[in-house]
Amino acid sequence: RTILGHAPFTGGKEQIITVAEHDALLMQDSAEIIVMDAADYTSMAGVQPITYKLANPDHYSYVESGAHLYVGHLRSGMIQVLDRSSGKEVSRIGNCNTLHGIQLDEQTGRILVGCNSNVMIIGSRGAEANVELGRVNYPIEQRAAVFMEGKNRVIWAFTEGTLPAL
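A separate point is the pairing of strand β10 (residues 110-115). Within β10, five of the six residues are buried, which leaves the element mostly enclosed by the surrounding structure. In this sheet, β10 lies alongside strand β9 (residues 102-105) in antiparallel orientation, the contact comprising four bridges. Paired with I102 across the strands is V113, a residue of β10. A loop of four residues connects β9 with β10, the two strands running antiparallel in sequence, and G109 in this loop sits at a positive phi of about 80°. As paired strands, β10 and strand β11 (residues 118-122) are joined by five bridges and run antiparallel to one another. Its bridge partner being in β11, V113 is matched across the sheet by M120. Linkage of β10 to β11, two consecutive antiparallel strands, is achieved through a turn of two residues, within which S117 is found at a positive phi near 80°.

The next subject is a nonpolar patch on the surface. A surface patch of nonpolar side chains, amounting to about 340 Å² of accessible area, comprises V146, M148, V154 and W156. Structurally, V154 can be placed in the loop between β13 (146-149) and β14 (155-158).

With respect to the helices, strands and loops of the structure, Y52 is situated in strand β4 (residues 48-53). Overall, Y52 belongs to the buried group, its relative accessible area being 3%. Along the backbone, Y52 and I34 are 18 residues apart, and their C-alpha atoms lie at a distance of 6.3 Å. Leave out the neighbours within four places in its chain, and Y52 touches V19, A31, E32, I33, V35, L69, L82, D83, R84, S85, S86 and G87. For Y52, the side chain forms a polar contact with the main-chain oxygen of R84, separated by 2.4 Å.

The rules behind the values
- Residues numbered from 1 in each chain as written.
- Predicted model: local features only at pLDDT ≥ 70, side-chain atom pairs only at ≥ 80, totals over all residues.
- Heavy atoms only, no water.
- Buried < 20%, exposed > 50% of the residue type's maximum accessible area, 1.4 Å probe, protein only.
- Helix = DSSP H or I, 4+ residues; strand = E, 2+ residues; numbered from the N terminus.
- Pairing = 2+ DSSP bridges.
- Patch = residues over 30% accessible without salt bridge, like charges linked within 9 Å, V, L, I, M, F, W, Y side chains within 5 Å.
- Areas by Shrake-Rupley, 256 points an atom, 1.4 Å probe, with all protein chains shown as cover.
- Salt bridge = Lys/Arg side-chain N within 4 Å of Asp/Glu carboxyl O.
- Contact = heavy atoms within 4.5 Å.
- Polar contact = N/O pair within 3.5 Å; in protein donor to acceptor, adjacent residues only side chain to side chain.

Geometry only, nothing functional implied.
Put into structure tokens, the structure is as follows:
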């Protein structure tokens, strides 16, 4: 099978991701996620891709929580919330300069988003769903690029340098 797609904006490799447990391609140049709705790639029935349109070409990071997909846009500085089954936009949460890095705290349903000089906290359940709940400021003017889970529910936020920022 061959599926036409567009390489990420840097000329790098497509990222094989999953959306609702289906293989997907995150196409940064064409601002879309192509979700492969197939259980068997060898059948003659073929693969029926579903295309989710994103707000604009960008560098993305994302998490899934409940019925939604939370897609962070680096240059635009916003989270685009999509319905996971249809790909339709539900809302946008903005004002996250140099957005990079996103992590779901599964126990609380809160999403941590690395912005320049702080971590934005977004809810994904109940009354908190799709709402910015607050910010945690960094001790330095840099962004969290990677989140890693530690012991006792500690979530570490690392800069793109070699030392932890938080």
